[in-house]
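Here's the letter readout for the chains.
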Amino acid sequence: MNVTSPILLLGIGTAGCALARGVNRAFGDGLRMQLADTDASAALEGEPFTLLGGTRLSGHGAGGDLVAARLAAEDSIQTLDSALEGVRLAVIVTALGGGTGGGATYEATRHLTSRGIPSLVFATMPFTFEGEDHQRNARGITGMIEESANATFFIPLDKLVAETDNMDE
């Protein structure tokens, strides 16, 4: 189905793609969606997908490396342009802390701004148990994203899970 809504849901990175798929399932065929990742295996048949950094990373993903993900996005962010035709607002869903979400979201928001498209970013922050490196990576990129996006929402994953929830089950 060719959806022509002026609002685009853009999932960036493996987690962002999964989040966008969930939103798409909840809202149905009327939602305009685009997925972007450095890992070619994130693409599913029939879904609009853009491979970032195909030449640089050969579709194998960023391996948790924010710098590699950002460079991959810099190399190929223009490949999103066909998906941006007629878009008047982009809603980005992503996860920060490691890999493509943290590295490519900033480049995506900058590119959207250069095309005159406002962006809203909803980004999850890593669980505490993921370690200080992931926490530091996420905190380090939030300021850059805030500067380039029109609105940002950073959601700590720890707050989404109640104290009584057992994630080991």
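Residues numbered from 1 in each chain as written. Predicted model: local features only at pLDDT ≥ 70, side-chain atom pairs only at ≥ 80, totals over all residues. Heavy atoms only, no water.

Enquirer: Please set out the overall build of the chain residue by residue, giving values where relevant.
Expert: Along the chain, the regular secondary structure elements total six helices and six strands. A globule of 169 residues ought to have a C-alpha radius of gyration of about 15 Å, and the chain, at 15 Å, matches this closely. Once the C-alpha set of the chain is aligned to its principal axes, its extents read approximately 45 × 35 × 30 Å. Within the chain, the proportion of its 169 residues that are buried is 44%. The contacts of the chain with a sequence gap of at least 6 include a subset with a gap of at least 24, amounting to 66%. Within the structure as shown, the chain displays about 8800 Å² of accessible surface, and the carbon and sulfur contribution to it stands at 52%. Of the side chains in the chain, 11 bear a positive and 21 a negative charge, and the two mean positions are spaced by 7 Å. (Helix = DSSP H or I, 4+ residues; strand = E, 2+ residues; numbered from the N terminus. Rg over C-alpha atoms; globule rule 2.2 N^0.38 Å. Buried < 20%, exposed > 50% of the residue type's maximum accessible area, 1.4 Å probe, protein only. Contact = heavy atoms within 4.5 Å. Areas by Shrake-Rupley, 256 points an atom, 1.4 Å probe, with all protein chains shown as cover. Lys, Arg positive; Asp, Glu negative; His and termini not counted. Charge placed at Lys NZ, Arg CZ, Asp CG, Glu CD.)

Enquirer: I'd like to hear about the side chain of Thr-94, residue by residue, with values.
Expert: Here Thr-94 lies in strand β4 (residues 89-95). With a relative accessible area of 0%, Thr-94 lands in the buried category. A polar side-chain atom of Thr-94 sits 3.1 Å from the main-chain carbonyl oxygen of Ile-12. Setting aside residues up to four positions removed in sequence, Thr-94 forms contacts with Ile-12, Gly-16, Leu-19, Gly-101, Thr-105, Val-121, Phe-122, Ala-123 and Thr-124. (Polar contact = N/O pair within 3.5 Å; in protein donor to acceptor, adjacent residues only side chain to side chain.)

Enquirer: Residues and numbers for the packing of helix α4 (residues 100-114) against helix α5 (residues 132-148), please.
Expert: Packing of α4 against α5 brings their axes to within 9 Å, and their N-to-C directions diverge by 15°. Relative to α5, the element α4 lies roughly parallel. The interaxial crossing formed by α4 with α5 has left-handed handedness. In this structure, α4 uses Gly-102, Thr-105, Tyr-106, Thr-109, Arg-110 and Thr-113 to contact α5, whose residues at the interface are Ile-141, Met-144, Ile-145 and Ser-148. Residue composition of the contact of α4 with α5, by class: four nonpolar, five polar and one charged. (Axes fitted to C-alpha atoms, helices over the stretch in contact; angles between N-to-C directions. Parallel < 35°, antiparallel > 145°, perpendicular 65-115°, else oblique. Left-handed = near helix turned anticlockwise from the far one by under 90°. Nonpolar A, V, L, I, M, F, W, Y, C, P; charged D, E, K, R; others polar.)

Enquirer: Quick rundown of unusual backbone geometry? Include the residues and the values.
Expert: Backbone geometry follows two general trends: most residues other than glycine have a negative phi, and most peptide bonds adopt the trans configuration. The phi dihedral of Ser-58 is positive, around 55°, even though this residue is not glycine. Structurally, Ser-58 can be placed in the loop between α2 (54-57) and α3 (66-76). For Ser-58, a relative accessible area of 48% gives the class partly exposed.

Enquirer: Residues and numbers for the packing of α3 against α4, please.
Expert: Running from N to C, α3 and α4 point in directions that differ by 30°, and their axes come no closer than 7 Å. For α3 against α4, the interelement crossing comes out right-handed. Between α3 and α4, the contacting residues are Leu-66, Ala-69, Arg-70, Ala-73 and Glu-74 on the first element and Thr-100, Gly-102, Gly-103, Ala-104, Tyr-106, Glu-107 and Arg-110 on the second. Split into classes, the residues belonging to the contact of α3 with α4 amount to five nonpolar, three polar and four charged.

Enquirer: Any details on the sheet that holds strand β6 (residues 151-156)? Residues and values, ideally.
Expert: Strands in a sheet are paired, the pairing made by backbone hydrogen bonds, and the direction either parallel or antiparallel. Read across the sheet, six strands follow the order β3-β2-β1-β4-β5-β6 without closing on themselves; strand pairing throughout is parallel. Edge positions in the sheet fall to β3 (49-51) and β6, since each of these pairs with one other strand and no more. Taken over all neighbouring pairs, the strand axes of this sheet differ in orientation by 20° on average, direction set aside. Taken together, the five bridges between strand β1 (residues 7-12) and strand β2 (residues 32-37) define a ladder with parallel strand orientation. (Pairing = 2+ DSSP bridges.)

Enquirer: How would you summarise the pattern of salt bridges if you had to cite specific residues and measurements?
Expert: The full count for this structure, using the stated rule, is ten salt bridges. In this structure, Glu-107 and Arg-110 form a salt bridge, with 3.5 Å as the shortest nitrogen-oxygen distance. One end of the pair, Glu-107, and the other, Arg-110, are both in helix α4, three residues apart, so they sit about a helical turn from each other. According to the relative accessible area criterion, Arg-110 is partly exposed, its value standing at 40%. The network of salt bridges with common partners includes Arg-70, Glu-74, Glu-107 and Arg-110. (Salt bridge = Lys/Arg side-chain N within 4 Å of Asp/Glu carboxyl O.)

Enquirer: Describe the pairing of strand β5 (residues 119-125), naming the residues involved and giving the relevant values.
Expert: Within β5, five of the seven residues are buried, which leaves the element mostly enclosed by the surrounding structure. Taken together, the six bridges between β4 and β5 define a ladder with parallel strand orientation. Paired with Ile-92 across the bridge in β5 is Val-121. Tracing the backbone out of β4, into α4 and back to the parallel element β5 gives a crossover that is right-handed. (Right-handed = clockwise from strand over helix to strand, strands pointing away.)

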